[in-house]
Amino acid sequence: MSDGHAVRAEGLEKRYGDKRALDGFDLAVREGTVHGLLGPNGAGKTTAVRILSTLIRLDGGRAEVAGLDVARQAREVRARIGLTGQYAAVDEVLTGRQNLEMFGRLFHLGGRRARARAVELLEQFDLTDAADRGVGKYSGGMRRRLDLAASMILAPSVLFLDEPTTGLDPRSRGEVWDSVRSLVASGTTVLLTTQYLEEADKLASRITVIDRGRAIADDTPDGLKNLVGGDRIEVVVAERSEIGRVVKTVARVCEGEPETDEGTLRVHAPVTDRVSALTEVARTLQDEGVRVEDIGLRRPSLDDVFLRLTGHRTDRTDRTDRADRADAAEKDAVAA
Ligand SMILES: Nc1ncnc2c1ncn2[C@@H]1O[C@H](COP(=O)(O)OP(=O)(O)OP(=O)(O)O)[C@@H](O)[C@H]1O
Ligand SMILES: [Mg+2]
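All of the points below concern the structure found in this document. (Residues numbered from 1 in each chain as written. Chains lettered and ligands numbered in written order. Predicted model: local features only at pLDDT ≥ 70, side-chain atom pairs only at ≥ 80, totals over all residues. Heavy atoms only, no water.)

## Observations concerning the overall build of the chain
Per the secondary structure count, the chain includes twelve helices and 14 strands. Seen through its C-alpha atoms, the chain measures out along the principal axes to roughly 75 × 45 × 35 Å. Per-residue burial for the chain yields a buried fraction of 46% across its 336 residues. Taking all contacts inside the chain whose residues are at least 6 apart in sequence as the whole, residues at least 24 apart take part in 67%. Charge centroids of the chain, computed over 51 positive and 56 negative side chains, lie 4 Å from each other. (Helix = DSSP H or I, 4+ residues; strand = E, 2+ residues; numbered from the N terminus. Buried < 20%, exposed > 50% of the residue type's maximum accessible area, 1.4 Å probe, protein only. Contact = heavy atoms within 4.5 Å. Lys, Arg positive; Asp, Glu negative; His and termini not counted. Charge placed at Lys NZ, Arg CZ, Asp CG, Glu CD.)

So, in structure tokens, the structure goes:
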């Protein structure tokens with residue numbers, strides 16, 4: 001089933017009570033690429049990653065990682081993968097170097113090999129200067145990079161990254177992105193889950209969109225962005241009566257058909273020549289004396305993709321207590 005694919009899943013099912021966390025989920029990740037798994041809270045991303053990394057059992061369907069069946073060859077799969085979970089696994093009290101050496105020992109590397117591997121990884125993830133500082137004093141981005149380094153101890157051929165940049169500031173996010181790029185350059189296949197279209201776009205060569213336990217799209221980043229029409233200019237007016245004039249100006253300056261949202265007094269349209277379109281629209285509206293509350297450029301988000309694919313916005317109501325879920329998953333892992 002693998003044929004050039006590092007990960008392949010067909011019809012994966014996972015139920016928690018009546019809840020179908022995965023409901024016929026399909027995925028194919030080509031070797032040596034970053035594949036984005038993009039979806040909102042509760043879509044089933046972590047569940048998919050846990051099944052593929054053999055932490056929990058599947059209820060139906062089948063999956064292969066590195067050509068091995070996750071249900072029947074779990075131990076062999078584990079020897080070939082790395083996993084950076086949604087929640088950091090590193091110890092705050094230890095230094096970066098001590099953390100990596102400890103993970104090395106856990107993986108039976110032996111003292112000297114563990115120390116040497118720690119040095120290499122600190123270098124690769126740009127943490128050499130911070131190596132002997134306590135992790136408690138690391139920034140979010142540094143911690144995430146240390147997490148990545150820890151999951152790379154055994155140089156796995158497939159690495160699962162579960163929301164590696166959620167909660168990071170833009171600079172730290174950029175640093176993690178660089179680390180992921182360097183991993184792929186060294187031949188690792190990465191499955192990266194994210195809630196950010198921008199992140200999947202920056203890193204992945206292919207993106208699967210997941211909603212309620214199913215893949216609802218599988219495309220290149222450009223394909224997905226074309227679906228939502230790329231960057232948009234967005235104007236918010238102070239009064240409903242102004243919408244007509246804004247639509248006229250935006251239609252003249254921008255390539256695409258403007259859309260309006262009467263509820264939020266918003267007019268938006270696709271743009272390619274971003275800055276000049278913005279300048280032109282702003283100037284014209286000012287000359288015409290239109291009262292603008294807000295004007296700007298917006299990159300397409302997961303929300304936009306969802307709206308196009310499903311006709312509804314992402315469903316943000318499903319935020320079950322994460323700690324409970326992690327607990328339950330841990331028990332599940334022990335059972336498996
Ligand atoms: N251990 C568990 N016990 C019960 N329900 C669970 C468990 N793990 C996940 N679920 C439920 O399964 C669904 C998918 O959850 P999952 O954690 O895979 O989503 P996710 O895409 O990773 O979301 P997030 O972006 O919030 O991390 C959710 O409805 C969640 O509440
Ligand atoms: Mg998750």
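Now that the structure has been shown, we can carry on.
## Details of the packing of helix H3 (residues 96-106) against helix H5 (residues 140-151)
Between H3 and H5, whose axes approach to 9 Å, the crossing angle comes to 25 degrees. One finds that H3 runs roughly parallel with respect to H5. In this structure, H3 meets H5 at a crossing whose hand is right-handed. Contact with H3, carried on its side by Gly 96, Asn 99, Leu 100 and Phe 103, involves Leu 146, Ala 149 and Ala 150 of H5 and no other residues of that element. In the contact of H3 with H5, the residues fall into five nonpolar, two polar and no charged. (Axes fitted to C-alpha atoms, helices over the stretch in contact; angles between N-to-C directions. Parallel < 35°, antiparallel > 145°, perpendicular 65-115°, else oblique. Left-handed = near helix turned anticlockwise from the far one by under 90°. Nonpolar A, V, L, I, M, F, W, Y, C, P; charged D, E, K, R; others polar.)

## So, helix H9 (residues 243-253)
It helps to recall that an α-helix has 3.6 residues per turn; residues three or four apart then point in one direction. For H9, every residue scored as buried is listed here: Ile 243, Val 246, Thr 249 and Val 250. Taken around the axis of H9, the buried residues stretch over an arc of 130 degrees, which confines them to a single face. Projecting away from the buried face of H9 at angles above 90 degrees are the exposed residues Lys 248 and Arg 252. Against the buried residues of H9 lie strand S11 (232-237), strand S12 (259-261), strand S13 (266-270) and helix H10 (274-287). (Arc of directions from axis to C-beta.)

## Focus: the sheet that holds strand S6 (residues 81-84)
Two modes of strand pairing occur in sheets, parallel and antiparallel, and in both the strands are linked by backbone hydrogen bonds. With mixed pairing, six strands are arranged side by side in an open sheet as S6-S7-S8-S3-S9-S10. Each of the sheet's edge strands pairs with one partner strand only, and the pair in question is S6 and strand S10 (214-219). The sheet shows a mean angle of 15 degrees between the axes of neighbouring strands, taken without regard to direction. For strand S3 (residues 34-38) and strand S8 (residues 189-194), the ladder comprises five bridges, and the chain directions are parallel. (Pairing = 2+ DSSP bridges.)

## Here we look at the packing of H3 against helix H4 (residues 111-124)
Two elements in contact, H3 and H4, have axes separated by 8 Å at closest approach and are oriented at 130 degrees. With respect to H4, the axis of H3 lies oblique. The two elements H3 and H4 meet at a crossing, and its hand is right-handed. Each of Gly 96, Arg 97, Leu 100, Glu 101, Gly 104 and Arg 105 in H3 lies in contact with H4, whose residues at this interface are Gly 111, Ala 114, Arg 115, Ala 118, Val 119, Leu 121 and Leu 122. Class assignment of the residues belonging to the contact of H3 with H4 gives a composition of six nonpolar, three polar and four charged.

## Brief notes about the sheet that holds strand S4 (residues 60-65)
In space, the four strands of this open sheet follow the order S2-S1-S4-S5, with antiparallel pairing throughout. The open sheet terminates on both sides in strands that have one partner only, identified here as strand S2 (19-30) and strand S5 (68-69). Note: strand S1 (residues 5-16) against S4, five bridges, orientation antiparallel. Among the inter-strand pairings, Val 7 is bridged to a residue of S4, identified as Val 65. Contacting S1, S2 and S4, helix H1 (residues 45-52) crosses the sheet at an angle of about 115 degrees to S1.

## Digging into the environment of Phe 103
Tracing the backbone shows Phe 103 in helix H3. Judged by its relative accessible area of 14%, Phe 103 is buried. Between the C-alpha atom of Phe 103 and that of Ala 63, which follows or precedes it by 40 residues, the distance is 27 Å. Those residues within four positions of Phe 103 in sequence are excluded, and the remaining contacts are Ala 89, Val 90, Ala 150 and Ile 153.

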